[in-house]
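One letter stands for each residue in the lines below.
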Amino acid sequence: MSTETQVLDTPLRQGVVTASRADGTVRRRRWPFSPWHLLLLPVSLLFLLPFVEMFLTSVEPASEINRFPPSFIPTQFTLSGYARLFADSDILHWLLNTVIVSASAIVSHLVLCSLAGYGFARLRFPGRTFGFLAILATIMIPSQLLMIPTYVMFARLHLVDHLGAAIVPWLASAFGIFLMRQFFLSLPAELEEAGMIDGCNRLQVFFRIVLPLARPALATLAIFTLLGSWNDLVWPLVAINNDHAFTLQLGLTNFQGSRRTDWSLLMAGNVVATLPLILLFLVAQKQFVATMASAGLKG
Amino acid sequence: MTTFALRPTEPAKRPDDPGKPRRRRRSTASVREGLAGWGFVGPALLIVLGLTVFPGVWALLLSFQSWDGFSPATFIGGQNYADLVTDEGVRAAVVHTVLYTVLFVPASLLLGLALAVALNRRIRFIGLYRTAIFVPFVASAAATGILTTYLFSPQFGIVNNVLRVLHLPQQGWLEDRGEAMLVIVVMSLWGQAAFTTVIYLAALQDVPGDVIEAARIDGANAWQTFWRVVWPHLGPVTAFVAIYQTLQAVQLFDLVYATTRGGPLDATQTIVYYLWKTAFQNLQFGYGSAIAYGMFFVTLLATVVVTLVQRRAGRTPS
């Protein structure tokens with residue numbers, strides 16, 4: 001895992017341009033800067049454009065948004081979109097709901113998946129291979145196959161329309177178990193053996209020796225769980241119809257129906273829902289990239 | 001970094017087979033170890049299997065029933081599956097889903113490869129470029145949906161505004177039957193480019209540097225070096241990403257719900273969208289389950305066939 005976080009920051013000397021640069025005798029560079037900037041700069045701006053529009057529109061007055069022809073750069077600034085958002089909707093409540101869902105999902109995921117991953121990697125017990133193969137097999141099952149019976153099941157457990165319905169499917173995942181098992185297999189067992197000799201039991205070894213070493217894998221798992229649970233739409237849509245238990249994503253799509261043309265309010269809601277993840281991404285980009293790379297394991 | 005493979009890991013290797021000593025003498029220590037093992041894996045195993053195997057089997061049973069969730073279910077044999085074949089809605093949904101997949105998967109591969117090649121170098125601001133291209137990955141489908149409706153709005157959207165400035169004809173985008181799916185593809189690419197780029201970037205950095213150097217010494221230019229030396233190394237990753245992205249693409253639901261809700265005139269109604277509508281708006285739980293299982297079997301079959309063909313193709317030349 002740690003190699004994954006580093007690898008993308010240390011490009012080898014093998015890019016196409018680097019190759020032609022090295023034999024400077026053949027082709028002499030005339031540009032004062034790398035020609036790749038000519039490609040990367042506009043592409044980067046294009047990728048940022050939707051977010052820029054989101055922030056700009058959220059602070060634009062309706063008169064400006066609805067003007068024809070539209071202007072590219074707003075000239076007036078207002079927070080009335082945010083004011084309407086906080087006054088007319090339960091957005092803060094939905095934010096709290098989403099935070100509760102994601103926090104429970106992450107804590108539960110980290111604890112249960114690392115325990116199970118460690119058990120499958122290190123402990124010997126009857127049924128271990130079968131159990132692990134069963135977990136692997138479930139990765140192949142698409143979620144929409146399970147949607148209907150899970151909904152019926154939750155309805156009978158009186159979970160539907162409660163926040164619990166959004167939390168329970170995120171308590172643990174096959175991918176998380178798999179990810180942690182692979183990580184623990186890559187750790188040298190000597191440290192744990194030393195711990196056992198010094199009189200630690202399995203749980204103590206796990207919590208005092210193994211988990212501190214597992215920080216990179218735990219970060220990957222936490223980000224994976226955060227992104228999945230924070231952004232989930234289809235399952236809350238199925239399981240929650242009570243707007244008191246709405247998650248942010250449900251609230252946003254609900255606005256689309258009820259506040260169709262109030263763009264600054266819609267974008268303000270979008271900012272509230274997206275900004276936490278954007279900021280987190282900016283702070284922990286390496287870990288996010290590692291998560292994307294390992295999400296490939298999920299296939 | 002080469003760990004992303006479709007092959008579901010090598011079968012758990014156990015250098016010291018636990019079976020043998022246990023069979024010889026079942027000591028209390030091994031019983032305790034067994035209990036500890038189940039203690040570690042039990043809770044997560046219970047949740048994961050409880051939320052997959054149990055509903056999975058239930059869905060299979062449901063697919064042979066007619067049930068609205070309230071009144072008693074009736075067993076109708078294979079009727080749901082027979083209906084599936086003749087259902088116009090299913091046929092249209094399959095066509096829309098295939099259209100999306102055929103547009104999205106190659107585009108996401110090409111875009112990811114191009115961006116990875118562009119980003120795989122040490123130039124100034126490269127960190128900023130990476131951030132800009134990767135950050136849309138955190139945008140949810142709901143947020144992307146609202147952004148899409150705004151950016152591609154025929155009246156207020158920046159896209160039509162650019163067209164207007166360039167004196168090009170204005171488009172209906174999401175309100176146009178022929179263009180709506182294209183818009184969804186574009187915005188999917190915006191959010192998903194980071195994933196394929198990261199995978200290709202990692203793969204590019206796994207290409208041995210001395211091979212590239214050798215090609216260069218032999219007089220290959222950058223273009224030749226890439227296509228003759230680097231590209232063949234990317235084959236397995238490309239196959240993996242293609243299969244992975246296809247499996248994701250055929251499950252498209254979120255972005256459709258967050259933009260067009262299947263419209264205009266059902267032009268963006270995908271299989272999963274149709275499944276959701278059948279089950280949770282028309283309350284046909286049995287038929288919905290049959291759609292889900294039909295889709296599951298077809299994709300599973302396709303995945304197995306593609307993987308086998310690809311393994312064989314990979315073996316013959318070497």
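This is a predicted model, so every value here is computed, not measured.

Calculation criteria
Residues numbered from 1 in each chain as written. Chains lettered and ligands numbered in written order. Predicted model: local features only at pLDDT ≥ 70, side-chain atom pairs only at ≥ 80, totals over all residues. Helix = DSSP H or I, 4+ residues; strand = E, 2+ residues; numbered from the N terminus. Buried ≥ 20, exposed ≤ 12 C-beta atoms within 10 Å, placed from the backbone. Contact = placed C-beta atoms within 7 Å. Rg over C-alpha atoms; globule rule 2.2 N^0.38 Å. Expected span 1.5 Å × (residues − 1). Bend = angle between axes of the 7 residues up to and from the residue. Nonpolar A, V, L, I, M, F, W, Y, C, P; charged D, E, K, R; others polar. Domains from an automatic or database assignment. Axes fitted to C-alpha atoms, helices over the stretch in contact; angles between N-to-C directions. Parallel < 35°, antiparallel > 145°, perpendicular 65-115°, else oblique. Left-handed = near helix turned anticlockwise from the far one by under 90°. Core = buried A, V, L, I, M, F, W, Y, C linked by C-beta atoms within 7 Å. pLDDT = per-residue confidence, 0-100.

1. Describing the overall build of chain A
Point 1. Within chain A, the secondary structure is distributed over 17 helices and 0 strands.
Point 2. Within chain A, the fraction of its 299 residues that count as buried is 45%.
Point 3. A separation threshold of at least 6 residues defines the contact pool for chain A, and within that pool the share at least 24 residues apart is 76%.

2. Brief notes about the overall build of chain B
Point 1. Scanning chain B for helices and strands turns up 15 helices and 2 strands.
Point 2. In terms of C-alpha radius of gyration, chain B reaches 25 Å, well past the compact-globule figure of 20 Å for 318 residues.
Point 3. Overall size of chain B, expressed as C-alpha extent along the three principal axes, is 80 × 65 × 40 Å.
Point 4. With 318 residues in all, chain B has 41% of them scored as buried.
Point 5. A fraction of 68% describes how many contacts in chain B between residues 6 or more apart in sequence connect residues 24 or more apart.

3. Side note on helix 9 (residues 180–206) of chain B
All names here are of chain B.
Point 1. With 27 residues, helix 9 ought to run about 39 Å at 1.5 Å a step, and its terminal C-alpha atoms sit 39 Å apart, in line with that.
Point 2. Remark: the principal bend of helix 9, roughly 50°, maps to Gln-192.
Point 3. By the criterion of burial, helix 9 is predominantly enclosed, with 22 of the 27 residues buried.

4. Quick notes on the interface of chain A and chain B
Point 1. Each partner contributes residues to the interface: chain A has 97 residues there, and chain B has 94 residues.
Point 2. The leading source of residues in the side of chain A that touches chain B is helix 3 (residues 36–58) of chain A, at 12 residues.
Point 3. Of the residues in the side of chain A that touches chain B, the class split is 64 nonpolar, 26 polar and 7 charged.

5. Some thoughts on the domain arrangement of chain B
Note: interface size is frequently given as the accessible area lost on complex formation between the parts.
Point 1. Each domain of chain B was delimited in the assignment, giving domain 1 (27–55) and domain 2 (81–315).
Point 2. Just the C-alpha atoms count here: the centres of domain 1 of chain B and domain 2 of chain B sit 38 Å apart.

6. A few points about unusual backbone geometry
Point 1. Cis rather than trans, the peptide bond between Gly-263 of chain B and Pro-264 of chain B has omega equal to -10°.
Point 2. Among the structural elements, Pro-264 of chain B can be located in the loop between helix 13 (254–259) and helix 14 (271–280).
Point 3. The backbone of Asp-161 of chain A sits at a positive phi, close to 75°, despite the residue not being glycine.
Point 4. Relative to the helices and strands, Asp-161 of chain A resides in the loop between helix 8 (143–156) and helix 9 (163–167).
Point 5. On the basis of neighbour count, Asp-161 of chain A is assigned to the partly exposed category, with 16 C-beta atoms found within 10 Å.

7. Thoughts on the domain arrangement of chain A
Residue and element names in this part refer to chain A.
Point 1. Per the domain assignment, the segments of chain A are domain 1 (35–78) and domain 2 (89–298).
Point 2. One C-alpha centre belongs to domain 1, the other to domain 2; they are set 33 Å apart.
Point 3. On the domain 2 side, the residues contacting the 7 residues of domain 1 number 6 residues.
Point 4. Among the secondary structure elements, those contributing two or more residues to the side of domain 1 that touches domain 2 are helix 3 and helix 4 (62–65).

8. Some points on the environment of Ala-194 of chain B
Point 1. Within the secondary structure layout, Ala-194 of chain B lies in helix 9.
Point 2. The class for Ala-194 of chain B is buried, based on 23 C-beta atoms found within 10 Å.
Point 3. Separated by 45 residues in sequence, Ala-194 of chain B and Ala-239 of chain B have C-alpha atoms that sit 18 Å apart.
Point 4. Apart from residues no more than four positions distant in its own chain, Ala-194 of chain B is found in contact with Met-292 of chain A together with Ile-133, Phe-134, Pro-136 and Phe-137 of chain B.

9. Details of the packing of helix 16 (residues 263–283) of chain A against helix 7 (residues 141–151) of chain B
Point 1. For the pair helix 16 of chain A and helix 7 of chain B, interaxial distance at closest approach is 10 Å and the crossing angle is 150°. In terms of their interaxial angle, helix 16 of chain A and helix 7 of chain B are classed as roughly antiparallel. The chirality of how helix 16 of chain A crosses helix 7 of chain B is left-handed. On helix 7 of chain B, the residues touching Trp-263, Leu-266, Asn-270, Ala-273 and Thr-274 of chain A of helix 16 of chain A are Ala-143, Ile-146, Leu-147 and Tyr-150 of chain B.
Point 2. For the contact of helix 16 of chain A with helix 7 of chain B, a count of residues per class yields 7 nonpolar, 2 polar and no charged.

10. Quick word on the nonpolar core
Point 1. Membership of the largest hydrophobic core comes to 170 residues, with the highest contact counts inside it found for Ala-116 and Ile-177 of chain A together with Ala-44 of chain B.
Point 2. By residue number, the principal contributor to this core is helix 9 of chain B, which donates 17 residues.
Point 3. Those residues in contact with Ala-116 of chain A, other than ones at most four positions away along the chain, are Ile-177 of chain A together with Phe-40, Val-41, Ala-44 and Leu-45 of chain B.

11. Describing the environment of Met-181 of chain B
Residues and elements named next belong to chain B.
Point 1. Considering the arrangement of structural elements, one finds Met-181 in helix 9.
Point 2. Sequence spacing of Met-181 and Gly-262 is 81 residues, and the spatial spacing of their C-alpha atoms is 9.8 Å.
Point 3. Setting aside residues no more than four positions away along its own chain, Met-181 makes contact with His-96, Leu-99, Tyr-100, Ala-267 and Thr-268.

12. Some points on the environment of Ser-66 of chain B
All names here are of chain B.
Point 1. Relative to the assigned elements, Ser-66 resides in strand 1 (residues 65–66).
Point 2. Ser-66 sits in the partly exposed class, given 16 other C-beta atoms within 10 Å.
Point 3. Separated by 14 residues in sequence, Ser-66 and Asn-80 have C-alpha atoms that sit 8.0 Å apart.

13. Section: helix 8 of chain A
All names here are of chain A.
Point 1. Here helix 8 contains 14 residues, and its C-alpha end-to-end distance of 20 Å stays within 8% of the 20 Å for a straight helix at 1.5 Å per residue.
Point 2. At Pro-149, helix 8 shows its largest bend, some 35°.
Point 3. For helix 8, the full list of buried residues reads Gln-144, Leu-145, Leu-146, Met-147, Ile-148, Pro-149, Thr-150, Tyr-151 and Phe-154.
Point 4. Looking one or two places after helix 8, you find His-158, whose phi comes out positive at around 55°.

14. Quick look at the confidence of the model for chain B
All names here are of chain B.
Point 1. Summing up the model confidence of chain B, the mean pLDDT is 87 and the portion of residues at 70 or higher is 90%.
Point 2. Averaged over each element, pLDDT in chain B is lowest for helix 1 (residues 19–24) (47) and highest for helix 5 (residues 88–119) (95).
Point 3. In the predicted complex, the global pTM is 0.86; the interface-specific ipTM is 0.84.

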